[in-house]
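Architecture at a glance
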Amino acid sequence: MTTSTPAGHARVAADAPHGPAGGRTALVFSGQGNQWLGMGRDLMAREPSVRAVLETADDVLLGATGWSLLGELAASEGESRLADPAVLQPTLVALQIALAGLLAERGLVADHFVGHSLGEIAAAAAAGALDLPEALHLARLRGELMRKAVGTGRTALLGVDAERAEALIAVYGGGADVAAWNAPEATLVAGDAGTVEAIVAELTGREVFARTLPGDIAFHSRFLEPLRTEFTEAARGLLVPRPTSGRLVSTVTGTLLDGGTDSDYWAANLREPVRFVQAVDTLLELGCRTFVEIGPHPTLGPSLTDCCAHRGVTPLVLPTLRRGEGEQENVLRTLWELRRTGAVRAAAPAGGHRVRFLTAVTAETPPPALRGRQAQFAARAAAKALTALGAAVPGDGVATATVTWDSTDDLAPEAASVVAAPVAPGADTAAVYARTPGTGWLRLATARPGTGTVPTLPNPAELTARCTARRYVADTAVASAAQDADDVLVRLRPGTGTGRRTHLELAVRITAAVLGAHAPIELCDVTGYDDTVAGDRVHVARMADGTARTTVLDAAGRPLLHIARSAWRTRHTAADPVTAPAPAAAGTTEAAALDLDALRAADPATRLTLLTDWVREAAAAMLRTGVDRVPALKPLNRLGVDSVIGLELRRRVAAVFGAEISVVRLLRGATPADLAADLDDWLTDTPDAGPGTAPARSAPGAVGPGLDLDDPADIERLLDDLDALSPEEVDSLLGRLADDAASEI
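None of the values given here were measured: they were computed from a predicted structure. (Residues numbered from 1 in each chain as written. Predicted model: local features only at pLDDT ≥ 70, side-chain atom pairs only at ≥ 80, totals over all residues. Heavy atoms only, no water.)

Observations regarding the overall build of the protein
Helix and strand content of the protein: 23 helices and 23 strands. Across the 745 residues of the protein, 54% fall into the buried class. Across the protein, the fraction of contacts at a sequence separation of at least 24, relative to all contacts at a separation of at least 6, is 73%. Within the structure as shown, the protein displays about 29,200 Å² of accessible surface, and the carbon and sulfur contribution to it stands at 53%. (Helix = DSSP H or I, 4+ residues; strand = E, 2+ residues; numbered from the N terminus. Buried < 20%, exposed > 50% of the residue type's maximum accessible area, 1.4 Å probe, protein only. Contact = heavy atoms within 4.5 Å. Areas by Shrake-Rupley, 256 points an atom, 1.4 Å probe, with all protein chains shown as cover.)

Structural data, given as structure tokens:
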């Protein structure tokens, strides 16, 4: 069982201090206790590899138990059976194995693995000591036996070291054991309820932290001894011995596990105390300085920090998932931090995918802007308001509602608590409020019944035939996009998920990406149709006044959710809908935005000023920020320009000026003023320059002498040695891989 230390939860997050350069990386798998309803759903919807692992796990468990893992992850509060350890434990292990696989797919090369209690099963699987079916069967068997442990006693977390805990146990008759060394000053004790409660009462009276944990099980104590033999016999024959390659650190012994594991070992994992402090000491001796917690919510971070501090080490401790937050976004933020340590490398393990970040990283580079965060946060707030209003009804009972934003403050989604309720009992209006640490409640938005106007729904077949010009839409759920004048048809990646909130998030995020907008100020006549089917396409129609009409469609072209009209704002603008330029029709350019002949005729100082302003405005639109946030002399990579945004800026420059800029130059610190100077040189040196007059390029596929990007072997070599490539090679490679990078970043 995983618990956090009592001593004022240390800040352990993506901005934690770094350990010594060159330190090794350990994956730390938490035990049970940090589960939450809805965990895993976002990753299943957005990450095919996670869904593949969980679908395989579902097949294994369905055949062995008759219940569905996918069904449990999708269950409502009233349907969920996660309170049953026989369901919870294999569910947690499956999710942890899927998470570890995702990190490996994205290029994380872990040096060591450790697991707290139940988490040791997933750690062993990640280290190669167990395969997926073995891990699931062990977790299932363990969970089924834990049903029999109910009534064995109580467990408590004490804010004292193990030596003092043992002394207190002796004082009160010896009816308990040390169940876990969690941290130097955090010890779990378990045993007879009277003994445990007496110890907690004494420490509490002395104003020392002590807390009895929920439930009536004496975890990891002598009171589970009868289950050891039963576990050993039941698990015999389940496992095929495999070496751990010296990478698994045991919390049964606290030492490096050289050999494989057998049924006796896993029975000891159930019965013996958790030697987490000793295991962390071993990891530190092995050179680990970066620790990534694998689990649905971080609980071991404070313990890890305290253990390291006791040894005089400052670690980097990173989470993967957090309760109720965007799962893919949190994983991406952790991967960004791991790139800075060198733990995420250019090549993934055999059979995996390449790292999906193609950006230049320096110590001064901020985490990449995960664009659309405010739009997604707004969609979640709107979904809460609609639920409170009772407006979105699936199936034939269609209802409409309008959500209007009362505040344009940008809140940090990861720090905001959001609630929604009718403004008064029986009222037909609902309000949604948010609060962040240190602030009061802020009214975000209001939901009211819609106008009831019959929606104007798109004709999917006609749209598909008409939208043929390829269009880039910056969102992780997008597989491809095409446009025709003001209509953009987006095809979604598989596994986007079901449910009203998911459909609304997709509609709002993708509309924001198409418009280049920051967040909505009004969603008019939101109509829900069927929330049991996954979205396949999203149609966004841009109106002449800068608003949009959006429809989420299923694979058959049926509407799932429709927004009759949405109005938007840019960052730091409170009132007016966004006035981004309409998407260019196929075969046209945006050259009308600048008069190139007038620019050439202007004096050099004026021309350079106009070009600098143009670059700043173009970069601000792609970063979804105000132009005031793009200083002329600040490197664009420090503002969040990554390879994907760089490619989009490169395309925009080519469309307007007919010039080519180097993406590598952007990633290596070019400022808007630098790009403006390059464009100034281009205009003055190329009198006929303009749209369609880009400089001559190498033959398609050619990167340099002996290199051909049509040859997969050359692509593999280039990706393996990205840092050693010339700027020209990287530019050509990025151009060829732009679609993949844009859809997967």
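A closer look at helix α10 (residues 263-271)
In terms of burial, α10 is a largely internal element, eight of the nine residues being buried. On its buried side, α10 packs onto α5 (119-126), α6 (132-148) and α9 (225-235). Two or three places before Asp 264, at the start of α10, stands the capping residue Asp 262, its side-chain oxygen 3.2 Å from that residue's backbone nitrogen. (Polar contact = N/O pair within 3.5 Å; in protein donor to acceptor, adjacent residues only side chain to side chain.)

Examining the pattern of salt bridges
This model, assessed by the stated rule, comprises 30 salt bridges. A salt bridge links Arg 236 to Glu 233, with the nearest nitrogen and oxygen atoms 3.0 Å apart. Residue Glu 233 is classed as partly exposed on the basis of its relative accessible area, which comes to 49%. A salt bridge links Arg 380 to Glu 505; its shortest N-O distance comes to 3.0 Å. Taken together, the residues Arg 380 in helix α14 (residues 373-389) and Glu 505 in helix α16 (residues 500-515) connect sequence positions 125 residues apart. The exposure class assigned to Arg 380 is buried, which follows from its relative accessible area of 17%. Connected through shared salt-bridge partners, Asp 42, Arg 46, Arg 380, Arg 501 and Glu 505 make up one network. (Salt bridge = Lys/Arg side-chain N within 4 Å of Asp/Glu carboxyl O.)

Observations regarding unusual backbone geometry
Even without glycine at this site, Ala 485 takes up a positive phi of about 55°. Relative to the assigned elements, Ala 485 resides in the loop between β16 (478-484) and β17 (487-492).

Quick word on the nonpolar core
Among the nonpolar cores identified, the biggest contains 74 residues, and Leu 27, Ile 121, Leu 130, Phe 231 and Trp 266 are the most heavily contacted of them. Examining the composition of this core, we find that twelve residues originate from one element, helix α4 (residues 85-105), more than from any other. Sequence-distant contacts of Trp 266, that is, excluding residues within four places in its chain, are made with Glu 120, Ile 121, Ala 124, Leu 130, Leu 138, Phe 231, Leu 239 and Thr 261. (Core = buried A, V, L, I, M, F, W, Y, C linked by side-chain atoms within 4.5 Å.)

A closer look at the sheet that holds strand β2 (residues 112-115)
Taken in spatial order, the five strands make up an open sheet running β7-β2-β1-β9-β10, and their pairing is parallel. Single-partner strands in this sheet number two, and they are β7 (248-249) and β10 (316-318). As paired strands, strand β1 (residues 24-29) and β2 are joined by four bridges and run parallel to one another. Each bridged residue has a counterpart across the sheet, and for Ala 26 the counterpart in β2 is His 112. Against the sheet, α5 contacts β1, β2 and β7, and its axis sits at roughly 160° relative to β2. (Pairing = 2+ DSSP bridges. Axes fitted to C-alpha atoms, helices over the stretch in contact; angles between N-to-C directions.)

Comments concerning helix α13 (residues 327-341)
It helps to recall that an α-helix has 3.6 residues per turn; residues three or four apart then point in one direction. Helix length check: α13, at 15 residues, gives a terminal C-alpha distance of 22 Å against a target of 21 Å (1.5 Å per residue), a fit within 8%. Extensive coverage of α13 is indicated by the burial of eleven of its 15 residues. Listed as buried for α13 are Glu 327, Gln 328, Glu 329, Asn 330, Val 331, Leu 332, Thr 334, Leu 335, Trp 336, Glu 337 and Leu 338. On its buried face, α13 is in contact with α1 (41-46), α4, β9 (288-294), β10 and α14. (Expected span 1.5 Å × (residues − 1).)

Notes on the pairing of β1
With respect to burial, β1 is a largely interior element, five of its six residues being buried. With six bridges joining them, β1 and β9 adopt parallel strand pairing. Counted as the bridge partner of Phe 29 is Ile 294 from β9.

Considerations on the pairing of strand β19 (residues 537-542)
Summarising burial for β19: six of the six residues are buried, a large majority. Burial of the side chains of β19 extends over both faces: Arg 537, His 539 and Ala 541 are buried on one face and Val 538, Val 540 and Arg 542 on the other. Bridge count for β17 against β19 is five bridges, and the pairing is antiparallel. Looking across to β19, one finds that Arg 491 is bridged to Arg 537. Sheet analysis places β19 next to strand β20 (residues 548-553), joined by six bridges and oriented antiparallel. Bridge pairing in β20 links Arg 542 to Ala 548. In this antiparallel pair of consecutive strands, β19 and β20, the connection spans five residues, and Gly 546 shows a positive phi of 90°.

A short note on the confidence of the model for the protein
Here the protein shows a mean pLDDT of 79. Residues at 70 or above account for 78%. The low-confidence segment residues 692-725, where pLDDT is below 50, has 53 contacts with residues more than four positions distant or belonging to other chains. (pLDDT = per-residue confidence, 0-100.)

Quick word on the packing of aromatic side chains
Taken as a whole, this structure holds two aromatic pairs when the rule is applied. Centroid distance Tyr 265 to Trp 266: 5.1 Å. Interplanar angle 90°. Geometry classified as edge-to-face. The two residues Tyr 265 and Trp 266 agree in class, both being buried. Taking the centre distance of 5.0 Å and the plane angle of 90° together, the rings of Trp 614 and Phe 657 count as edge-to-face. In this pair, Trp 614 is assigned in helix α18 (residues 604-623) and Phe 657 in helix α19 (residues 643-657), connecting sequence segments 43 residues apart. In terms of burial, Trp 614 and Phe 657 fall into one category: buried. (Phe/Tyr/Trp six-rings, centres within 6.5 Å; stacked < 30°, edge-to-face > 60°.)

Here's the deal with the packing of helix α11 (residues 276-285) against helix α12 (residues 301-310)
Contact pair α11 / α12: the axes reach a minimum separation of 10 Å and the direction vectors enclose 60°. On the basis of the axis angle, α11 is oblique to α12. α12 is crossed by α11, and the crossing has right-handed handedness. Contact residues: Phe 276, Val 277, Val 280 and Leu 284 in α11; Ser 303, Leu 304, Cys 307 and Cys 308 in α12. Broken down by class, the residue content of the contact of α11 with α12 amounts to seven nonpolar, one polar and no charged. (Parallel < 35°, antiparallel > 145°, perpendicular 65-115°, else oblique. Left-handed = near helix turned anticlockwise from the far one by under 90°. Nonpolar A, V, L, I, M, F, W, Y, C, P; charged D, E, K, R; others polar.)

Let's talk about the sheet that holds strand β13 (residues 430-435)
An order of β12-β13-β14-β11-β18-β21-β20-β19-β17-β16-β15 is seen for the eleven strands of this open sheet, with the pairing classed as antiparallel. Sheet topology places β12 (417-422) and β15 (469-470) at the edges, where each strand pairs with a single neighbour. Along the sheet face, α14 touches β11 (400-405), β12, β13, β14 (442-449), β18 (519-528) and β21 (559-569) and points at about 30° away from the line of β12. Strands in contact with α16 are β16, β17, β18, β19, β20 and β21; relative to β21, the strand with the most contacts, it is inclined by about 45°.

What to know about the side chain of Glu 505
Judged by its relative accessible area of 6%, Glu 505 is buried. When sequence neighbours within four positions are dropped, the list of residues in contact with Glu 505 reads Arg 46, Gln 376, Ala 379 and Arg 380.

Remarks on the environment of Thr 56
Along the polypeptide, Thr 56 turns up in helix α2 (residues 48-65). Measuring from C-alpha to C-alpha, the distance between Thr 56 and Leu 132 comes to 8.6 Å, with 76 residues separating the pair along the chain.

Things to note about the environment of Arg 289
You can see Arg 289 is positioned in strand β9. Take Arg 289: its relative accessible area is 18%, and that puts it in the buried class. Counting along the chain gives 263 residues from Arg 289 to Ala 26, while the straight-line C-alpha distance between them is 7.9 Å. Among the polar contacts made by the side chain of Arg 289, one reaches the main-chain carbonyl oxygen of Leu 284 at a distance of 3.1 Å.

Side note on the state of the cysteines
With the rule as written, the count across this model stands at zero disulfides. Cys 307 carries a free sulfur, and the closest cysteine sulfur to it, the one in Cys 308, is 6.8 Å from it. On the accessibility criterion, Cys 307 (1% relative accessible area) is buried. (Disulfide = S-S within 2.5 Å.)

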